[in-house]
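Residues per chain, in single letters:
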Amino acid sequence: MSVLERFSYSGLESYKKCPAQFKFRYIDKIRKTDEGIEAFTGKRVHEALEFLYTEVQSGRLPFIDGILEHYEQHWEKNWHDRIAIAKRGERVEDYYRLGEDCIARFYRNNQPFSERVEGIELELDFMLDNDDSYRMKGIIDRLDHDGEGNYEIHDYKTGKRAMSQGQADQDNQLALYQIALEQQREDVQTVSLVWHFVRYGIVVKSKRTKEQLQHLVRVMKNRIDEIRLKEKQGGEFPAKPMILCNWCYYWEECPAQSGSNPYIR
Ligand code: SF4
């Protein structure tokens, strides 16, 4: 299935930030094995929290040592030689330790994990406006449900910046997952969107109105239409240089850059 048949939130965001990067990755399908250390660390923390809640769902409450051991094993198992540190002066150990701190803080702040968890790393395949020409996919880190139609969509963020309430109220990723949830379950009464900024132990919550969700559907459909039209007519996918270029793996392909990315070592 081509990406132009099924979109993801991150793909559509990548198009908004830099259409050229979107094209290299999703249309030309240029795959790079490179990976930023931030993304690598984030994946390992997600795995550790997934393991934690899987254990809890099976009726076991692992000690923090068990979770950290899982983290260490998966760090080592997944490590490869194309992991880049774009920030000067930072070391692999700093990121390893950062991941440990995130997990330990989350454990301290959330034990005894009595939430009613319904799904972990839940894969979504859904449509905008119930129209199968606008199919999307996504993954919910954790879905909680009180059994009476009140859901919480949880997302773990390991990045440096925590969102303000205003930013969370504008964020579209979890709102799209709410659209998926309401499409696929008949019992939905309320949905809360919950972000865990695990570096700081900060939790931010938000809700969406029906009108906001309808507006989001229109915005995303328009973006998909624009991409498809350009692709069909051979339109331009311009490069938009920005600070995030330091983390971009498409310097060799990018008309706005030359050579390979000097920030990735
Ligand atoms: S280097 Fe910057 S401008 Fe070029 S594709 Fe990557 S993000 Fe876009």
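Residues numbered from 1 in each chain as written. Predicted model: local features only at pLDDT ≥ 70, side-chain atom pairs only at ≥ 80, totals over all residues. Heavy atoms only, no water.

Asker: Would you mind going over the overall build of the protein with me for this structure?
Answerer: If you tally the helices and strands in the protein, you get eight helices and eight strands. Its C-alpha atoms give the protein a radius of gyration of 20 Å, near enough to 18 Å, the size a compact globule of 265 residues would have. In terms of its C-alpha atoms, the protein occupies a principal-axis envelope of roughly 55 × 50 × 35 Å. Per-residue burial for the protein yields a buried fraction of 45% across its 265 residues. Counting only contacts in the protein whose residues sit at least 6 apart along the sequence, the fraction spanning at least 24 positions is 68%. Where the 40 positive side-chain charges of the protein centre and where its 45 negative ones centre are 5 Å apart. (Helix = DSSP H or I, 4+ residues; strand = E, 2+ residues; numbered from the N terminus. Rg over C-alpha atoms; globule rule 2.2 N^0.38 Å. Buried < 20%, exposed > 50% of the residue type's maximum accessible area, 1.4 Å probe, protein only. Contact = heavy atoms within 4.5 Å. Lys, Arg positive; Asp, Glu negative; His and termini not counted. Charge placed at Lys NZ, Arg CZ, Asp CG, Glu CD.)

Asker: Just checking my understanding: could you explain the pairing of strand β5 (residues 131-145) for this structure?
Answerer: Consecutive residues of a regular strand have side chains that alternate between opposite faces of the sheet. Bridge count between strand β1 (residues 6-8) and β5: three bridges; the pairing is parallel. When the bridges of β5 are listed, R6 appears paired with R135. Where strand β4 (residues 117-128) meets β5, ten bridges bridge the pair, whose relative direction is antiparallel. Opposite I120, over in β5, you have R142 as the bridge partner. Here β4 folds back onto β5, and the loop between the two strands holds two residues, one of which, D129, carries a positive phi near 60°. Looking at chain direction, β5 and strand β6 (residues 150-157) are connected through four bridges and run antiparallel. Directly across from R142, in β6, lies its bridge partner H154. Following β5, the chain reverses through four residues before pairing antiparallel with β6; G147 in that reversal takes a positive phi of roughly 90°. (Pairing = 2+ DSSP bridges.)

Asker: I'm lost on the site of the ligand in this one. Help?
Answerer: All residues adjacent to the ligand are C18, Q21, F24, A239, K240, P241, M242, C245, C248, W251, C254 and Q257. Across the shell around the ligand, the residue classes tally to nine nonpolar, two polar and one charged. (Near = heavy atom within 4 Å. Nonpolar A, V, L, I, M, F, W, Y, C, P; charged D, E, K, R; others polar.)

Asker: Which parts of the structure should I look at to understand the environment of A168?
Answerer: Note on placement: A168 falls in helix α6 (residues 165-170). Accessibility expressed as a relative area gives 0% for A168, which makes it buried. A C-alpha to C-alpha distance of 7.2 Å links A168 and V204, two positions 36 residues apart in sequence. For A168, the contacting residues outside a window of four places in its chain are M163, W195, V204, S206 and R208.

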